[in-house]
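# Commentary on secondary and tertiary structure
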Amino acid sequence: MENLDNFIKGMPKAELHVHVEGTLEPELKFQLAKRNNLDLPYESEDEMRAAYDFNDLTSFLKVYYEGMSVLLTEQDFYELTYAYLLKAHSQNVVYAEIFFDPQGHTSRGIAFDTVINGIRRAQIDAEKKYGIMTQLIMCFLRDMSSESAMETLEHSLPYKEWIIGVGLDSDERTNPPIKFKDVFERARRENFFLTMHCDVDQQDSTVHIWQTLNEIGVDRIDHGVNSLEDGVLCREIKDRNLTLTVCPISNGYVTESMKTAEIKAMLEKGMNVTVNSDDPAYFPGYMNENLIVTQRKAGLSKAQVVQLSANAFEGSWLADEDKAAFLRLLSEYVAWKYTFNILPK
Ligand code: HPA
Ligand code: ZN
């Protein structure tokens, strides 16, 4: 099998499934705790990592929410976002759609405005400095009430121009998509794009995926790997040209496998599957590591790796001309690598 590591590293990429709070690396967590005069129950970054003891979504979320406690000021959100964008840029990510969880902060007494102003300023500065383009997706926490989600949606409306879409994350157990039907209908009327997490190997996974299609009318599905259990569902996802944002290293932590064979199966069915990092500070691996492990474990060809990147640009919520420009950049890269590779012969 061809070694495609360097090809993957150099390839222009889009990331469609990354939680900004999930990019909070231990080093920054310590710095922010110190600045904010907070005590962390760990002596060192290694000790903190060692305490990241999770094996399913629920146990992961406990650590994830605890981690947020160091984020207090606009500057904290700025530094968090900027650090992720710098890392993404270093891996040739040229475009990212970034989730944020306002209720994870407003429930701790942090103002919505503080959160979004910090994130937004980092987006602008990183684009100016590195040319990395980004858009924001606001997620509702599905283990909170639909009323709280609706309030959050209403609170976000003055910032509508800064938010491209809404999503749904947190604990899926007993919190099906349909619980948020009214909220997502309202979001649609406000012209947001819609996506929802359908986490892997949940109770009633395929029922939940059907709900996102038939009851919510999503534009995208986050994870959604269990759709493979239902041929009719796969066909429907394909016919509606819905993109699935799969996160293999994350899946490896919260389920029994990275689901890389499933990613290949989706590619072979012509489904618009993409590879993403989810919460790279907790499930170690950013875009390159996720793509490299998928390529190696599933034995993907170079054409399939390129397809994964093309799927992400296609499935993005960019304007058509920007999508086309990024897809041109990708094909130029592929052509350039070909020329480069034959030069030494
Ligand atoms: N699933 C659900 N909620 C989340 C995730 C996820 O992968 N990451 C952060 N919050
Ligand atoms: Zn996620």
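These figures come from a predicted structure and were not determined experimentally.

So, on to the overall build of the protein. Per the secondary structure count, the protein includes 16 helices and 8 strands. Taking 2.2 N^0.38 as the reference for a compact globule, 345 residues should give roughly 20 Å; the C-alpha atoms of the protein span a radius of gyration of 19 Å, in line with that estimate. Sequence separation of at least 24 residues holds for 78% of the intrachain contacts in the protein that already meet a minimum separation of 6. When the accessible surface of the protein is summed, it comes to about 14,400 Å², and 49% of that surface belongs to carbon and sulfur atoms. Taking the average location of the 35 positive side-chain charges in the protein and that of its 54 negative ones, the two points are 5 Å from each other.

Attention now moves to the site of ligand 1. For ligand 1, the full set of nearby residues is His 19, Leu 57, Phe 60, Leu 61, Tyr 64, Asp 169, Ser 170, His 197, Asp 199, His 223, Asp 278 and Asp 279. Within the side chain of His 19, an N or O atom sits 3.2 Å from a nitrogen atom of ligand 1. Notes on ligand 1: free accessible area 260 Å², of which the protein chains cover 99%. The element that contributes the greatest number of residues to the shell around ligand 1 is helix 4 (residues 57-67), accounting for 4 residues.

With respect to the secondary-structure elements, His 208 resides in helix 10 (residues 205-216). With sequence-adjacent residues up to four places away left out, His 208 is seen in contact with Glu 172, Pro 176, Pro 177, Cys 198 and Gln 203.

This brings us to the nonpolar core. By size, the foremost hydrophobic cluster in this structure holds 103 residues, and its most contacted members are Phe 60, Phe 100, Phe 140, Val 166, Phe 184, Ile 221 and Ile 237. Residue contributions to this core peak at 7 residues, all from helix 5 (residues 74-90). In contact with Ile 221, other than residues within four places in its own chain, are Thr 195, Met 196, Cys 198, Ile 209, Thr 212, Leu 213, Ile 237, Leu 242, Thr 243, Leu 244 and Thr 245. Formed by 5 residues, the second largest nonpolar core is a distinct cluster that contains Phe 99, Ile 137, Cys 139 and Trp 317.

Attention now moves to the pairing of strand 4 (residues 163-169). Of all 7 residues in strand 4, 7 are buried, a share of seventy percent or more. Alignment of strand 3 (residues 133-141) against strand 4, held across 6 bridges, turns out to be parallel. Its bridge partner being in strand 4, Ile 137 is matched across the sheet by Gly 165. Handedness of the strand 3-helix 8 (residues 146-156)-strand 4 crossover: right-handed. Sheet topology places strand 4 next to strand 5 (residues 193-198); 2 bridges connect them, and they run parallel. Directly across from Gly 165, in strand 5, lies its bridge partner Phe 193. For the handedness criterion, the β-α-β arrangement of strand 4, helix 9 (residues 181-189) and strand 5 is classed as right-handed.

Calculation criteria
Residues numbered from 1 in each chain as written. Chains lettered and ligands numbered in written order. Predicted model: local features only at pLDDT ≥ 70, side-chain atom pairs only at ≥ 80, totals over all residues. Heavy atoms only, no water. Helix = DSSP H or I, 4+ residues; strand = E, 2+ residues; numbered from the N terminus. Rg over C-alpha atoms; globule rule 2.2 N^0.38 Å. Contact = heavy atoms within 4.5 Å. Areas by Shrake-Rupley, 256 points an atom, 1.4 Å probe, with all protein chains shown as cover. Lys, Arg positive; Asp, Glu negative; His and termini not counted. Charge placed at Lys NZ, Arg CZ, Asp CG, Glu CD. Near = heavy atom within 4 Å. Polar contact = N/O pair within 3.5 Å; in protein donor to acceptor, adjacent residues only side chain to side chain. Core = buried A, V, L, I, M, F, W, Y, C linked by side-chain atoms within 4.5 Å. Buried < 20%, exposed > 50% of the residue type's maximum accessible area, 1.4 Å probe, protein only. Pairing = 2+ DSSP bridges. Right-handed = clockwise from strand over helix to strand, strands pointing away.

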